[in-house]
Amino acid sequence: TKDEMMEGAMRLAQEISANSALAVQGTKHVMNFAEENSLEAGLEHVALWNSSFLKSDDLVQAMVGFLQKRPPNYSDHVVPDARVAGTAQG
């Protein structure tokens, strides 16, 4: 039913929003890039993206939260959209 669909969508939205905004936005960015570029370019892009995420405070928060058995305290990062900024590569 429509109500069940909406309940499922809300559960999924809550699950996604509990994650690092940087990771969620990064995943969307990488998937959009991969859709518009070659497999090789997509793999290189995700490798670069993942290596830059290693320096984020959110990764530290995820590990500390896991070790302390508590939810991580993520910061509210915003990932600039290259397509909006006019720097997308194709």
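See the structure above.
Worth saying up front: this structure is predicted, and the values here are computed from it rather than measured. (Residues numbered from 1 in each chain as written. Predicted model: local features only at pLDDT ≥ 70, side-chain atom pairs only at ≥ 80, totals over all residues. Heavy atoms only, no water.)

With respect to helix α2 (residues 21-36)
Part 1 of the reasoning: If you check α2, its first and last C-alpha atoms are 23 Å apart, about what 16 residues at 1.5 Å a residue would give, namely 22 Å.
Part 2 of the reasoning: Every buried residue belonging to α2 is among Leu-22, Gly-26, His-29, Val-30, Asn-32 and Phe-33, and all of these are buried. Taken around the axis of α2, the buried residues stretch over an arc of 165°, which confines them to a single face. Away from its buried face by more than 90 degrees, α2 exposes Lys-28, Met-31 and Glu-35.
Part 3 of the reasoning: The N-capping residue of α2, defined by a side-chain oxygen 3.2 Å from the backbone nitrogen of Leu-22, is Ser-20. (Helix = DSSP H or I, 4+ residues; strand = E, 2+ residues; numbered from the N terminus. Expected span 1.5 Å × (residues − 1). Buried < 20%, exposed > 50% of the residue type's maximum accessible area, 1.4 Å probe, protein only. Arc of directions from axis to C-beta. Polar contact = N/O pair within 3.5 Å; in protein donor to acceptor, adjacent residues only side chain to side chain.)

Re unusual backbone geometry
Part 1 of the reasoning: Positive phi is not limited to glycine here, since Lys-69 has a value of about 55°.
Part 2 of the reasoning: One can find Lys-69 in the loop between α4 (57-67) and α5 (82-85).

Remarks on helix α3 (residues 39-53)
Given 3.6 residues to a turn, an α-helix orients residues that are three or four positions apart in the same direction.
Part 1 of the reasoning: For α3, which comprises 15 residues, the first-to-last C-alpha distance of 21 Å matches the rise-based estimate of 21 Å (1.5 Å per residue) to within 8%.
Part 2 of the reasoning: Every buried residue of α3 is listed here: Gly-42, His-45, Trp-49 and Phe-53. All buried residues of α3 fall inside an arc of 75° around its axis, so they share one side. Residues of α3 that are exposed and point more than 90 degrees away from the buried face comprise Glu-40, Leu-43, Glu-44 and Leu-48.
Part 3 of the reasoning: Where α3 is buried, its residues touch α2 and α4. (Contact = heavy atoms within 4.5 Å.)

Re the packing of α2 against α3
Part 1 of the reasoning: Look at α2 against α3: their axes get within 9 Å of each other, and the N-to-C directions meet at 165°. Relative to α3, α2 is oriented roughly antiparallel. Our pair here, α2 against α3, has a crossing hand that is right-handed. Two secondary-structure elements touch here, α2 through Leu-22, Ala-23, Gly-26, His-29, Val-30 and Phe-33 and α3 through Ala-41, Gly-42, His-45, Val-46, Trp-49 and Phe-53.
Part 2 of the reasoning: Here the contact of α2 with α3 is built from residues that sort into eight nonpolar, four polar and no charged. (Axes fitted to C-alpha atoms, helices over the stretch in contact; angles between N-to-C directions. Parallel < 35°, antiparallel > 145°, perpendicular 65-115°, else oblique. Left-handed = near helix turned anticlockwise from the far one by under 90°. Nonpolar A, V, L, I, M, F, W, Y, C, P; charged D, E, K, R; others polar.)

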